[in-house]
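Notes for the structure review
Listed below, chain by chain, are the residues.
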Amino acid sequence: MENKLINKEIQDYINANLDIDLHALLLKKSPFPDVSMPEIVQQIKGKQTTRKKFPFLLKEGIVFPPQLNLEQSSSEKTADYKSQILKGKKFIDLTSGFGIDAYYLSRNFEEITLVEQNQELLSIVEHNWGILERKATFINQHLEDFLSDNKEHFDIIYLDPARRDQNKNKVFLLEDLSPDILQIREKLLATADQIIVKLSPLIDLKYLISVVPLIFRIEIIAVKNDVKEVVIFLSNEQKDRTSVNCINLESGESAFSFAFGEEENIQAHYSEPEKYIYIPNNAILKAGVFNLLSERFELKKLHPNTHIYTSSQKISDFPGRVMEMEVIESKQVKKKGQFNIIAKNYPLKPEDIKKKYGLKDGGKDYLIFTQSKKGKIILKSV
């Protein structure tokens, strides 16, 4: 398959059609007798995805798998971030997929092993790693069979369990994933010093801590305020508390770290809006440490259920959005005005607010519709 697809004429045809309507292209007959039009379109989709998600693969000779494999792969940005906190001698990815995580996470390791049950996908990865001049051992085997047969010990095992069931519906609970790490956890811990598992951004942290013993670290990874991954780290070494790190890549914001459970004994202070308003990034909102954030930055909350903070003096290193704002009356909202609208702990959604006040989306100014302890309020950027 690789030899056919990397033929210069075929690659030239693919590159010449990167921006064409793919539905229309699928209706055409392939100009190449040995390569079908669906195969060509698959490569075009791969290159389109690669432009944004993993640009390091924009090299001559790279072959792309079906779209689902591309969608399930980590982005280059999140993989690179995870690689910065790992090093050792022997690394193994037991669910290598398209190999993006393995390529980055294994950069600081001497020996690399990739296990993948899909032979065609593994062949693509092996071909691509040859183009990238990267060495590894490639094993086509089911994960469970590999663990039963394996006699080696590794520094790091990495897993990215499939998060779709047999009907291709998304699943989130650990017991519904493939593999179920709850069933193979002991075998994994006997095979490596550390186990690292990438999970859905929707998974609940309290649930994780309650069902998976020996988690010593959790990474909540967002890119431009969009939470992409929750990554857990396990080892046999007992830790007093699980550390949690919230990172918002490509934002310029500082990471926010805490010990799981630290939030429980902290009470927030409250205030009506002062000069500056703070909205935490989504990685922190995912972590749910609303009172801890108030204590760390000496900020006051507007309301127990409003995760917006305020202060009279500006805190410049806050991990989220910081705006100078003032309280206005509803009659001061200009009809047909253009605003970025935020609604938090408010009965109307932004779309409903736009209709009610006849507002347009966008521009430089912000309106926040929310609640303080005294009731509903509207904040306007200064």
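Residues numbered from 1 in each chain as written. Predicted model: local features only at pLDDT ≥ 70, side-chain atom pairs only at ≥ 80, totals over all residues. Heavy atoms only, no water.

So, the overall build of the protein
Cut-off, in case you're wondering: The way it works is that DSSP assigns letters per residue, a run of H or I at least four long becomes a helix, a run of E at least two long becomes a strand, and they are numbered from the N terminus. The rule is simple: take the accessible area with a 1.4 Å probe, protein chains only, and divide by the maximum for that residue type; under 20% is buried, over 50% is exposed, in between is partly exposed. Should any heavy atoms of two residues lie within 4.5 Å, those residues are considered in contact. When charges are tallied, Lys and Arg are placed among the positive residues and Asp and Glu among the negative ones, while His and the ends of the chain are skipped. Charge positions are represented by NZ for Lys, CZ for Arg, CG for Asp and CD for Glu.
The helix and strand inventory of the protein stands at 14 helices and 16 strands. Considering only C-alpha atoms, the protein reaches an extent of 70 × 55 × 35 Å along its principal axes. When the 382 residues of the protein are sorted by exposure, 51% land in the buried category. A separation threshold of at least 6 residues defines the contact pool for the protein, and within that pool the share at least 24 residues apart is 63%. For the protein, the distance from the average site of its 54 positive side-chain charges to the average site of its 54 negative ones is 8 Å.

As for the pattern of salt bridges
As a reminder, the rule being used: Salt bridges are defined by distance alone: a side-chain nitrogen of Lys or Arg within 4 Å of a carboxyl oxygen of Asp or Glu.
The full count for this structure, using the stated rule, is 16 salt bridges. Taking the shortest distance from any N to any O, the salt bridge between Asp 160 and Lys 198 comes out at 3.3 Å. In this pair, Asp 160 is assigned in the loop between β4 (154–159) and α10 (181–191) and Lys 198 in strand β5 (residues 192–199), connecting sequence segments 38 residues apart. Lys 198 carries the same exposure label as Asp 160, and that label is buried. For Glu 229, the salt bridge is made with Lys 198, and the minimal N-O distance between the two is 3.8 Å. Taken as a pair, Glu 229 in strand β7 (residues 226–235) and Lys 198 in strand β5 lie far apart in primary sequence, 31 residues in all. A single salt-bridge network, built from bridges that share partners, covers Lys 82, Asp 101, Asp 160, Lys 198 and Glu 229.

As for the sheet that holds strand β11 (residues 300–303)
Here is the rule we go by: At least two DSSP bridges between two strands are required for those strands to pair. Angles shown run from 0 to 180 degrees and are taken between the N-to-C directions of axes, each axis being a line fitted to C-alpha atoms and, for helices, limited to the stretch in contact.
Strand order in the open sheet formed by 7 strands is β11-β12-β10-β13-β16-β15-β14, with mixed pairing between adjacent strands. A single partner strand is all that each edge strand has here, and the edge strands are β11 and β14 (338–343). In this sheet, adjacent strand axes meet at a mean angle of 45° when their direction is disregarded. Both β14 and strand β15 (residues 360–372) contribute to a ladder of 6 bridges, which runs parallel. In the strand pairing of β15, Gln 338 is matched with Lys 360. Along the sheet, helix α14 (residues 350–357) makes contact with β14, β15 and β16 (375–381), crossing β14 at roughly 135°.

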